[in-house]
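Here's the letter readout for the chains.
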Amino acid sequence: MTMPAVLVAAERAYTTTKAKIISGELVGGQLISEGAIGDQLGISRTPVHEAFLRLGAEQLLDLVPRKGAVVRPMTPSEAADVLAMRRAIETASAGQVFAAGGVAARIETLLNENLARQGDLVADDDVEGFVEADDDFHALMIEASGNAVARQFYNHLRSRQQRLRNLYLRIDPANLKGSFREHTTLSQHLLGGDENAFVAVLVAHLDRYQGAL
């Protein structure tokens, strides 16, 4: 296998394995082997090993010599840290929106389109689709602030956020409806200029995710 081919295979092993961890298909504590992943993807162990090293650096895997790797569980403390950072980023971003006098028309349109998509996904009980729409919704609220630093920090948390969303939303189908209702209320307060109400709903919304672990 040529070096470019190894790099392509390693990227494929990385994205595939990471997606399975984030979605919950590979659960915390599960032992996975380079050989098994390689067989699934039709590639050798070498690129899978490189993928495992990357995932280990991202603290999604714990490498086990001569055995493979163990999927690192998301602990309650990690979840609390992620949620604390989200609260700080989203509250600060919203504060900038309110201080600037409101949401730009383009963002308002995108928020309304996103909420319509969420409603369809809830009706279809589509957890995977809702997780993506959920992430897009919160990213839009940050984008509304025009704060590039906030967007950067939010993107930094994306993998952990998505993993936590999958854990929470798959516990009980009712969580989809509850999250959608709260997103609708958050949008109303953001567009309506009610900062105190927005922050109160955001805090309650994020606190629910701590119960996923």
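Up top you'll find the structure we're talking about.
First, a word on what this report is: a plain description of the structure on this page. (Residues numbered from 1 in each chain as written. Predicted model: local features only at pLDDT ≥ 70, side-chain atom pairs only at ≥ 80, totals over all residues. Heavy atoms only, no water.)

For Asp135, the location among the structural elements is in helix α6 (residues 127–143). Its relative accessible area of 1% is what places Asp135 among the buried residues. Dropping the residues within four chain positions of it, Asp135 is found in contact with Tyr154, Arg158, Gln161, Gln162 and Arg165. (Helix = DSSP H or I, 4+ residues; strand = E, 2+ residues; numbered from the N terminus. Buried < 20%, exposed > 50% of the residue type's maximum accessible area, 1.4 Å probe, protein only. Contact = heavy atoms within 4.5 Å.)

A cluster of acidic residues, Asp120, Asp124, Asp125, Asp126, Glu128 and Glu132, forms a negative patch on the protein surface. Tracing the backbone shows Asp124 in the loop between α5 (105–123) and α6. Asp124 sits in the exposed class, given a relative accessible area of 59%. (Patch = residues over 30% accessible without salt bridge, like charges linked within 9 Å, V, L, I, M, F, W, Y side chains within 5 Å. Areas by Shrake-Rupley, 256 points an atom, 1.4 Å probe, with all protein chains shown as cover. Salt bridge = Lys/Arg side-chain N within 4 Å of Asp/Glu carboxyl O. Lys, Arg positive; Asp, Glu negative; His and termini not counted. Charge placed at Lys NZ, Arg CZ, Asp CG, Glu CD.)

A word on the layout of surface pockets. Taken as a whole, the largest pocket spans an internal volume of roughly 290 Å³. As for the largest pocket, its lining consists of 13 residues, of which Ala19, Ile22, Glu132, Gln162 and Asn166 are closest to the centre. Of all the secondary structure elements, the ones that give two or more residues to the lining of the largest pocket are α1 (3–23), α6 and α8 (158–171). Per-element accounting of the lining of the largest pocket gives the leading share, five residues, to α8. Its residues assigned to classes, the lining of the largest pocket comprises three nonpolar, four polar and six charged. (1 Å grid on protein atoms, 1.4 Å probe; cavity = no way out; pocket = protein on both sides within 12 Å on 5 of 7 lines; lining within 4 Å. Points joined across faces, edges and corners; volume = space filled by probe spheres on them. Nonpolar A, V, L, I, M, F, W, Y, C, P; charged D, E, K, R; others polar.)

On to the pairing of strand β3 (residues 68–71), then. Pairing geometry for strand β1 (residues 31–32) and β3, over two bridges, is antiparallel. Counted as the bridge partner of Leu31 is Val70 from β3. For strand β2 (residues 61–64) and β3, the ladder comprises four bridges, and the chain directions are antiparallel. Bridging from a neighbouring strand, Asp62 pairs with Val70 of β3. The hairpin formed by β2 and β3 contains three residues between the paired strands, and Arg66 there has a positive phi angle of roughly 65°. (Pairing = 2+ DSSP bridges.)

Right, let's get into the nonpolar core. Counting 31 residues, the largest nonpolar core has Leu111, Met141, Leu169, Leu186, Leu190 and Phe198 as the members making the most contacts within it. Looking at this core, the elements that each hand over two or more residues are α4 (76–100), α5, α6, α8, α9 (174–192) and α10 (195–210). If we ignore the near neighbours within four places in the chain, the residues touching Leu186 are Phe137, His138, Met141, Phe198, Val201, Leu202 and His205. The next biggest cluster of nonpolar side chains, apart from the first, holds 17 residues, and it includes Val48, Ala51, Leu61 and Val71. (Core = buried A, V, L, I, M, F, W, Y, C linked by side-chain atoms within 4.5 Å.)

In space, the three strands of this open sheet follow the order β1-β3-β2, with antiparallel pairing throughout. Since the sheet does not close on itself, it has two edges, and those belong to β1 and β2, each with one partner. Where helix α3 (residues 45–57) meets the sheet, its contacts fall on β1, β2 and β3, and the angle it forms with β2 comes to roughly 130°. (Axes fitted to C-alpha atoms, helices over the stretch in contact; angles between N-to-C directions.)

All right, on to the environment of Met141 then. Within the fold, Met141 resides in helix α6. Along the sequence, Met141 and Val97 sit 44 residues apart, while their C-alpha atoms lie 8.8 Å from each other. Excluding its chain neighbours within four sequence positions, the residues that come into contact with Met141 are Glu90, Ser93, Val97, Leu111, Leu186, Leu190 and Phe198.

As for its position among the elements, Ala51 is in helix α3. Sequence-wise, Ala51 and Ala13 are 38 residues apart; in three dimensions their C-alpha atoms are separated by 5.8 Å.

Attention shifts here to the packing of α8 against α9. Each pair of packed helices can be summarised by the angle the axes make with each other and by the distance between the axes. Packing of α8 against α9 brings their axes to within 6 Å, and their N-to-C directions diverge by 120°. Residue-level contacts link Tyr168, Leu169 and Ile171 of α8 to Asn175, Leu176 and Ser179 of α9. Its residues assigned to classes, the contact of α8 with α9 shows four nonpolar, two polar and no charged.

A few words on the pattern of salt bridges. For the structure shown, the criterion picks out 13 salt bridges. Here Arg106 and Glu143 are joined by a salt bridge, their closest N and O atoms 2.8 Å apart. In this pair, Arg106 sits in helix α5 while Glu143 sits in helix α6, placing the two residues 37 residues apart along the sequence. Judged by relative accessible area, which is 28%, Glu143 ranks as partly exposed. Ionic pairing is found between Arg208 and Glu182, a salt bridge with its closest N-O pair at 2.4 Å. With Arg208 in helix α10 and Glu182 in helix α9, this residue pair connects regions lying 26 residues apart in the sequence. Overall, the relative accessible area of 42% leaves Arg208 in the partly exposed class.

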